[in-house]
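Below, each chain spelled out in residue letters.
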Amino acid sequence: MDQNNFLVTADLYASKEKRFINMVIDTIGYYAFSFIIGLILGVFELLGISGPLNFIASMGAIGSFIFSISIMLAYFCLLEVPFQKSLGKFATKTIVVMEDGSKPTFQDIFIRSLCRLIPFEAFSFLGQDGRGWHDSMSNTYVVEIDRFEAKKRSLHELNQIGVAQDL
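Quick caveat, the model's predicted, so the values are computed rather than measured.

**Brief notes about the layout of surface pockets**
1) Next: When its volume is computed, the largest pocket comes out at roughly 570 Å³.
2) Next: Contributing to the lining of the largest pocket are 22 residues, with Met23, Thr27, Met72, Phe76 and Arg116 lying nearest its centre.
3) Next: Secondary-structure elements contributing two or more residues to the lining of the largest pocket are α1 (16-46) and α3 (60-83).
4) Next: A total of 7 residues in the lining of the largest pocket trace back to one element, the largest contributor, which is α1.
5) Next: Residue classes in the lining of the largest pocket are distributed as 12 nonpolar, 4 polar and 6 charged.

Printed below as a string of structure tokens:
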């Protein structure tokens, strides 16, 4: 398919309701992911490997904040880089894409995830077009999978008109 002709348009955007559901599910997912990391560190401690837990405990407030940010970045990057979806997006059948419909790179997802740290960013998707700052600053879009795939198929079929087929 010729990606050059494809363009994500507002009719493909995920609804504000789905974006809110994504945020709620991903907040729960982030806390679950943090809990699992805490359990792993606890198991290390039980096995007599206290280095990682002692290191985290010695970091102080700023170090703990940076560690929490690292967990959040890992949560989103581990899911959105390979799958283009977080847990919330799996549940709501939405996906992260670039403006031309292509898959975002690691850098795109990393920037997107960093932008989530902007204070009050979670409310930015409530604006007119339903795109949050983490979308606009990373040039990514959250779209409804069904509508997105249908538009891609339609464009592909249009591009195939008049093209000779090998029989």
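From this point, the discussion proceeds with the structure in view.
**Re helix α5 (residues 106-115)**
1) Next: If you check which residues of α5 are buried, you get Asp108, Ile109, Arg112, Ser113 and Cys115. Relative to the axis of α5, the buried residues are bounded by an arc of 160° and lie together on one face.
2) Next: The elements touched by buried residues of α5 are α1, α3, α4 (87-92), β1 (94-98), α6 (133-136) and β2 (140-144).

What counts, and at which threshold
Residues numbered from 1 in each chain as written. Predicted model: local features only at pLDDT ≥ 70, side-chain atom pairs only at ≥ 80, totals over all residues. Heavy atoms only, no water. 1 Å grid on protein atoms, 1.4 Å probe; cavity = no way out; pocket = protein on both sides within 12 Å on 5 of 7 lines; lining within 4 Å. Points joined across faces, edges and corners; volume = space filled by probe spheres on them. Helix = DSSP H or I, 4+ residues; strand = E, 2+ residues; numbered from the N terminus. Nonpolar A, V, L, I, M, F, W, Y, C, P; charged D, E, K, R; others polar. Buried < 20%, exposed > 50% of the residue type's maximum accessible area, 1.4 Å probe, protein only. Arc of directions from axis to C-beta. Contact = heavy atoms within 4.5 Å.

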